[in-house]
Amino acid sequence: MTPPVLAASGITKNYRLGKQSIPVLRGVDLAVQQGEILALLGASGAGKSTLLHVLGLLDQPTTGEILFDGEPVQNLPVRERARLRHSHTGFVFQFYHLIPELTALQNVMLAGMMTKSVLQYWAIRKQARREATEILEQVGLADRLKHRPSELSGGERQRVAIARALLARPRVILADEPTGNLDSTTADGVVDLMFRIQKERNLAFVLVTHDEDLAQRADRIVRMKDGVVLSSAAVR
Amino acid sequence: MYRLFLAIRYLLTRPINLLGMFGIALSVWALVVVVSLFSGFIATVEEHVHSASADVSVSNLPAWAKWSKLRAALADEPNLSAMAPRLVHYGLIHHPGKRPAPPPLPGRTALHGGDQPFLFVLGIHAAEEAAATGFGGWITDPDIAPELRVKDPQNALAPQHGVPSVLLGVERMRAEGLRPGDTLVLTTGVLRTAPDGTKSPQQVQIPLVIAGAYKTKHGGFDGNNLFVDIGTLQQELLEGDTDAVHEIAIAVRDESQLDETADRIARIVHRAVDRGDQMARGTAQTWREKNLAFLQSVEHQRALLKIVLIVIMVTAAFLMLATLSMMVTEKTSDIGILTAMGGTPLGVTSVFLACGLTITAIGVLLGIGVGSLTAIYLEEVRQALLWAFGIDLFPLQVYNLDRVPCHIDPLWLVQVAGMAFGTGFVVSVLPALRAALYDPLISLRGT
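Since this is a predicted model, take the numbers as computed values, not measurements.

A.B. asks: What is the right way to read the packing of aromatic side chains from this model?
C.D. replies: Two aromatic rings are characterised by how far apart their centres lie and by the angle between their planes. The tally for this structure, following the rule as stated, stands at 12 aromatic pairs over all chains. Taking the centre distance of 6.2 Å and the plane angle of 80 degrees together, the rings of phenylalanine 135 of chain B and tryptophan 138 of chain B count as edge-to-face. One end of the pair is phenylalanine 135 of chain B and the other is tryptophan 138 of chain B, both in helix α5 (residues 135-138) and 3 residues apart, which spans about a single turn. Judged by relative accessible area, which is 4%, tryptophan 138 of chain B ranks as buried. Connected via pairs of aromatic rings, a cluster forms that spans Phe135, Trp138, Tyr214, Phe221 and Phe227 of chain B. Lying across the ring of tryptophan 122 of chain A, arginine 125 of chain A places its NZ or CZ 3.9 Å from the centre.

A.B. asks: Would you mind showing me how to read the side chain of aspartate 176 of chain A here?
C.D. replies: All names here are of chain A. Summarising the element assignment, aspartate 176 is placed in strand β7 (residues 172-176). Despite its burial, aspartate 176 pairs with no opposite charge; the closest candidate is lysine 48, at 7.0 Å N-O. A distance of 3.1 Å separates a polar atom in the side chain of aspartate 176 from a polar atom in the side chain of serine 49. Residues in contact with aspartate 176, not counting those within four places in the same chain, are Ser49, Leu52, His53, Val92, Phe93, Gln94 and Val208.

A.B. asks: Any chance you could explain the interface of chain A and chain B here in plain terms?
C.D. replies: Size of an interface: often given as the accessible area lost when the parts come together. On the side of chain B, 27 residues touch chain A, which itself brings 30 residues to the contact. A per-residue breakdown of the area chain A buries against chain B is headed by His97, Glu101 and Met114 of chain A, which together make up 25% of the total. At the junction of chain A with chain B, the criterion picks out 1 salt bridge. Ionic pairing is found between glutamate 101 of chain A and lysine 331 of chain B, a salt bridge with its closest N-O pair at 2.4 Å.

A.B. asks: Help me out: how do you make sense of the environment of arginine 253 of chain B in this one?
C.D. replies: Residues and elements named next belong to chain B. Within the secondary structure, arginine 253 sits in the loop between β8 (247-252) and α9 (258-273). Distance in space between the C-alpha atoms of arginine 253 and leucine 6 is 65 Å, their sequence separation being 247 residues. Every residue in contact with arginine 253, bar those within four places of it in the chain, is listed here: Pro78, Asn79, Leu80 and Ser81. Side-chain polar atoms of arginine 253 contact the backbone oxygen of proline 78, separated by 3.1 Å.

A.B. asks: How do you make sense of the domain arrangement of chain B when you look at a structure like this?
C.D. replies: We note that the domain assignment places domain 1 (2-47 + 294-444) and domain 2 (54-290) within chain B. Between the C-alpha centres of domain 1 of chain B and domain 2 of chain B there is a distance of 51 Å.

A.B. asks: In this structure, what is going on with the environment of glycine 10 of chain A? I would like to understand it.
C.D. replies: All names here are of chain A. Summarising the element assignment, glycine 10 is placed in strand β1 (residues 6-17). Once the C-alpha coordinates of glycine 10 and valine 190 are considered, the two residues, 180 residues apart in sequence, prove to be 33 Å apart. If we skip the residues at most four places from it in the chain, glycine 10 touches Gly27, Val28, Asp29, Thr63 and Gly64.

A.B. asks: I would appreciate a short explanation of the sheet that holds β1 of chain A in the present structure.
C.D. replies: The strands that make up a sheet are held in pairs by hydrogen bonds between backbone atoms, and each pair lies either parallel or antiparallel. All names here are of chain A. Pairing is antiparallel across the open sheet formed by 4 strands, whose spatial order is β2-β1-β4-β5. Looking at strand neighbours, the two that pair on one side only are β2 (20-32) and β5 (71-72), the edges of this open sheet. Set on the sheet, helix α1 (residues 48-55) makes contact with β1, β2 and β4 (63-68); between it and β2 the angle comes to about 65 degrees.

A.B. asks: Help me out: how do you make sense of a nonpolar patch on the surface in this one?
C.D. replies: Together, Val118 of chain A together with Leu4, Ile8 and Leu12 of chain B give the surface a local cluster of nonpolar side chains, amounting to about 340 Å² of exposed area. If one sorts the elements of the nonpolar patch by residue count, helix α1 (residues 2-12) of chain B sits on top with 3 residues. Within the secondary structure, leucine 12 of chain B sits in helix α1.

About the thresholds
- Going along each chain's sequence as written, the residues are numbered from 1 onward.
- Working convention: letters from A go to chains and numbers from 1 go to ligands, in the order in which they are written.
- With pLDDT at 70 or above as the cut-off, local features in this predicted model cover only qualifying residues; side-chain atom pairs require 80 or more to be listed or tallied, and sums for whole chains, interfaces and linings still use all residues.
- To obtain the side-chain values, all non-hydrogen atoms of the structure were included, while hydrogens and water were left out.
- Any two rings among Phe, Tyr and Trp, with Trp reduced to its six-membered ring, count as a pair given centres within 6.5 Å; such a pair is stacked if its planes are under 30 degrees apart, edge-to-face if over 60, and tilted if neither.
- Helix and strand assignments follow DSSP, with helices taken as H or I runs no shorter than four residues and strands as E runs no shorter than two, numbered in order from the N terminus.
- Throughout, exposure labels follow a simple rule: accessible area from a 1.4 Å probe, protein chains only, divided by the maximum for the residue type, with under 20% read as buried, over 50% as exposed, and the rest as partly exposed.
- By definition here, charges over rings are those cases where NZ of Lys or CZ of Arg is within 6 Å of the ring centre and within 35 degrees of the ring normal.
- Only four residue types enter the charge count: Lys and Arg as positive, Asp and Glu as negative, with His and the chain ends excluded.
- A side-chain nitrogen of Lys or Arg and a carboxyl oxygen of Asp or Glu constitute a salt bridge if their distance falls within 4 Å.
- Residues adjacent in sequence count toward polar contacts only when both atoms are side-chain atoms; beyond that, a polar contact is any pair of N or O atoms within 3.5 Å, and within protein one must be able to donate a hydrogen and the other to accept it.
- The contact rule is simple, with two residues in contact once any of their heavy atoms fall within 4.5 Å.
- Using a 1.4 Å probe, buried area is obtained as the accessible area two parts lose upon being combined, added over both of them.
- Source of the domain bounds: an automatic or database domain assignment.
- Here a strand pair is declared whenever DSSP counts at least two bridges between the two strands.
- Under this scheme, a helix contributes an axis fitted over its contacting stretch, all axes are lines through C-alpha atoms, and angles between N-to-C directions fall in the 0 to 180 degree range.
- Patch membership needs two things, relative accessible area over 30% and no salt bridge, and members are linked within 9 Å if like-charged or within 5 Å if nonpolar (Val, Leu, Ile, Met, Phe, Trp, Tyr).
- Each accessible area value is a Shrake-Rupley result obtained with a 1.4 Å probe; residue values ignore everything except the protein chains displayed when judging cover.

Put into structure tokens, the structure is as follows:
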């Protein structure tokens with residue numbers, strides 16, 4: 001049997017507040033299969049975002065294992081974890097986090113520059129530009145390539161962020177409240193887009209949300225409360 | 001690649017960073033221009049001082065020193081090409097029947113001397129002096145107006161109608177309206193020994209007739225010294241002792257051996273004047289040693305200016321530190337997303353480091369380039385400012401120069417660039433390290 005593309009086993013995460021240790025995750029087990037959309041549902045403070053950061057190797061668990069294709073990765077050197085973040089994982093955040101000095105196209109192209117030296121990138125610059133343009137066309141922003149984030153609507157910014165997450169052809173997309181900052185109509189459009197691309201590319205998709213309706217569009221819902229997984233159930 | 005790309009984008013979209021760049025460029029420019037000017041000035045001053053000095057001067061000779069004995073002793077020195085005896089005295093000059101000289105001109109004080117009537121009187125043998133120093137050229141300098149020139153340079157100090165001749169600096173002659181043929185009186189003092197053996201000072205007045213002007217490149221020398229025939233001083237001050245000598249001017253064959261030659265000459269002189277008490281008497285100094293205090297004062301000014309300008313560079317660096325720190329504070333969100341996209345803390349650090357180093361590099365290149373051009377065309381810049389605004393930044397006549405001196409030392413350029421890069425690196429590393437210490441999750445949570 002093929003191992004899950006991304007899994008968490010016995011994850012705990014404590015934050016220190018002065019001399020106090022605050023537990024945020026208390027033994028979370030989770031597995032995401034290739035091509036699966038998994039919604040992490042819970043109220044604020046349930047530990048969803050922290051779990052997402054730990055899954056994406058942005059944060060270290062206090063105990064437990066993170067497995068990419070069955071291999072533990074949480075203790076890899078900083079550089080290796082950074083490389084895995086780049087090649088295996090794409091992030092989409094609630095507040096887009098586009099770089100304001102760059103155009104939409106440059107924001108997407110930046111993702112392709114992360115692991116390349118100047119000479120390496122120079123050799124593939126035309127291809128990199130073409131790929132970034134194609135992805136932006138796929139998310140419906142063909143006419144917004146040279147616009148800066150300040151010149152784009154919220155929905156358009158999130159589409160740029162999605163395009164950026166997709167450029168390195170990751171196998172997992174980790175989305176943290178991707179529609180939390182959008183009105184309902186725009187949010188629907190963005191979700192439709194994300195799920196369409198997920199299907200086309202057969203991506204594993206972890207979606208953090210507290211929106212029950214959005215979660216119902218996933219393949220499986222994992223409910224969390226106080227750092228513990230309450231339930232994990234497939235959506236009919 | 002992303003580091004360079006982002007660094008350039010950040011710089012291009014944030015004009016405030018130009019402030020730091022401008023500060024670095026300005027301080028580097030000032031360090032290049034001012035130090036090149038001073039280096040040129042020092043080189044020129046050295047040339048001027050050398051032109052008015054013998055290669056080696058033997059001075060502080062005791063009263064019993066005899067020229068004939070010293071000349072015989074020094075004749076064996078292999079690096080000696082010529083030598084000339086001097087008597088060195090002092091006195092006041094005045095022009096009988098004329099009003100005293102006007103007060104000093106503004107700005108023409110110690111460096112030139114020349115405006116007060118108290119002078120050193122150098123008693124020389126003209127032919128021997130011409131062989132040992134530039135004396136022959138001093139009295140035939142083309143800058144001396146024809147009406148002030150010595151009529152017979154071969155016999156420059158020959159008495160005129162029985163009156164001893166005197167040579168004055170050309171600037172003094174011009175300032176006081178003196179002409180060849182004018183009479184002067186030199187008033188001085190001398191210790192006379194009475195029959196009972198007691199010594200007492202006595203006034204001596206020596207009438208002199210001006211033979212003409214002389215001009216070295218060293219205005220201070222010209223203003224403070226006059227030449228008379230050595231025989232005149234021997235007769236008037238030393239009771240006709242024709243073998244007396246106070247100082248010896250020496251020319252050497254090989255200037256690269258100057259210090260060693262001066263040491264050997266000092267030993268020869270000590271042996272020649274020693275009266276058995278082993279007390280070293282007389283000093284032999286190279287032209288540089290003889291004028292050391294003056295040359296060091298100019299060098300000291302250059303060193304002080306360097307310190308002031310380096311402080312300006314540090315101030316500019318603080319400006320850069322402030323703008324880079326502001327940038328890091330504003331870019332915490334970018335730090336988060338760069339980490340999420342696969343950046344390492346070191347990589348994120350290097351984005352901001354690259355910003356600082358780019359600012360420094362452009363500032364240094366601009367400063368050195370424009371500074372070098374300014375230094376090369378400093379005289380033209382001076383003339384342009386004089387023409388446009390009437391401001392003379394470097395009044396040449398004060399320093400006895402015909403153009404603003406300049407010497408660009410490549411080693412100094414390298415040192416300035418190194419200092420600027422070092423300073424730029426330090427003030428770039430600090431904000432960059434702060435960026436690396438940011439927790440990317442804080443910005444990614446959007447709180």
